[in-house]
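Chain by chain, the residues:
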Amino acid sequence: NAGVMQNPRHLVRRRGQEARLRCSPMKGHSHVYWYRQLPEEGLKFMVYLQKENIIDESGMPKERFSAEFPKEGPSILRIQQVVRGDSAAYFCASSPPGQGIGGYTFGSGTRLTVV
Amino acid sequence: AQSVTQLDSQVPVFEEAPVELRCNYSSSVSVYLFWYVQYPNQGLQLLLKYLSGSTLVKGINSFEAEFNKSQTSFHLRKPSVHISDTAEYFCAVSEGGGFKTIFGAGTRLFVKA
């Protein structure tokens, strides 16, 4: 039973390019959460999705960031026109129906570096 | 609104010594509490959780935590640490029935030989 799969593990983008981060939840998990970890900081909530629905995106920056979780395929976090301040580790977590009260299962993260 | 404060950003300790990592939270409603561990360049792994019931919670790798409602604390303890426990530890809280988990800034545990 594979865990939460994120790819790529490392991503380098030049300023102004687009970054696409992918997350495949654990089998049987239909809830996906994205968190961002800036250097020397804890994890900050970005967005909570279920299949084809954004449930809460209160932690997403208003511009350039978007997320989706289609009926088929992985969840995608998309960052347009990246800037240096977007450099961070982005973690995806998943949980089964019944929300996250049992604790999340995290992926290994995507480390985005903007040069 | 929820918040989580981890009182120590770094905790150095010698191998086989006991350790306590402190965590306080603020919330006006009932909460679920978690401790996660993050090894270098990896994701977070759930150590233990408090949902209800006994206030002393046992987790993996001999870690345990005690929920103290009056002090709004959920400190993590281990009686004897190993070099392999060197990692970052995150306390987290989720308000009862909610989905959004709020994380503290983390405590870096450094175990010395």
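For the structure itself, consult the block above.
Keep in mind that this is a model prediction, so the values were computed, not measured. (Residues numbered from 1 in each chain as written. Chains lettered and ligands numbered in written order. Predicted model: local features only at pLDDT ≥ 70, side-chain atom pairs only at ≥ 80, totals over all residues. Heavy atoms only, no water.)

## Digging into the packing of aromatic side chains
Tallying each qualifying case throughout the model produces eleven aromatic pairs over all chains. Between Phe63(B) and Tyr89(B), the ring centres sit 5.5 Å apart and the planes meet at 45°, which makes this aromatic pair tilted. Here Phe63(B), found in the loop between β7 (56-58) and β8 (64-68), pairs with Tyr89(B), found in strand β10 (residues 87-95); they are 26 residues apart in sequence, far enough to count as distant. Assigned by exposure class, Phe63(B) and Tyr89(B) land together as buried. A network of ring pairs unites the aromatic residues Tyr35(A), Phe45(A), Phe106(A), Phe34(B), Tyr36(B) and Phe103(B) as a single cluster. (Phe/Tyr/Trp six-rings, centres within 6.5 Å; stacked < 30°, edge-to-face > 60°. Helix = DSSP H or I, 4+ residues; strand = E, 2+ residues; numbered from the N terminus. Buried < 20%, exposed > 50% of the residue type's maximum accessible area, 1.4 Å probe, protein only.)

## Focus on the sheet that holds strand β3 (residues 19-24) of chain A
All names here are of chain A. The four strands are arranged β1-β3-β8-β7 in an open sheet whose pairing can be described as antiparallel. Of all strands in the sheet, those bounded by a partner on one side alone are β1 (5-7) and β7 (65-68). The mean angle between the axes of side-by-side strands here comes to 15°, regardless of whether they run parallel or antiparallel. Summarising the sheet, β1 and β3 pair through three bridges and their orientation is antiparallel. (Pairing = 2+ DSSP bridges. Axes fitted to C-alpha atoms, helices over the stretch in contact; angles between N-to-C directions.)

## A short note on the pattern of salt bridges
In this structure the tally under the stated criterion is nine salt bridges over all chains. Across the pair Glu18(A) and Arg78(A) runs a salt bridge, and its minimum N-O distance is 2.8 Å. Highlighted residues: Glu18(A) in the loop between β2 (10-13) and β3 and Arg78(A) in strand β8 (residues 75-79), separated in sequence by 60 residues. On the basis of relative accessible area, Arg78(A) is assigned to the partly exposed category, the value being 27%. The residue Arg77(B) makes a salt bridge to Glu66(B) at a minimum N-O spacing of 3.6 Å. With Arg77(B) in strand β9 (residues 73-78) and Glu66(B) in strand β8, the pair connects residues that are eleven residues apart, well separated along the chain. For Arg77(B), a relative accessible area of 27% corresponds to the partly exposed category. Salt bridges linked by common partners bring Glu18(A), Arg20(A) and Arg78(A) together as one network. (Salt bridge = Lys/Arg side-chain N within 4 Å of Asp/Glu carboxyl O.)

## Re the environment of Glu66(B)
A relative accessible area of 33% means that Glu66(B) is categorised as partly exposed. Separated by eleven residues in the primary sequence, Glu66(B) and Arg77(B) place their C-alpha atoms 8.5 Å from one another.

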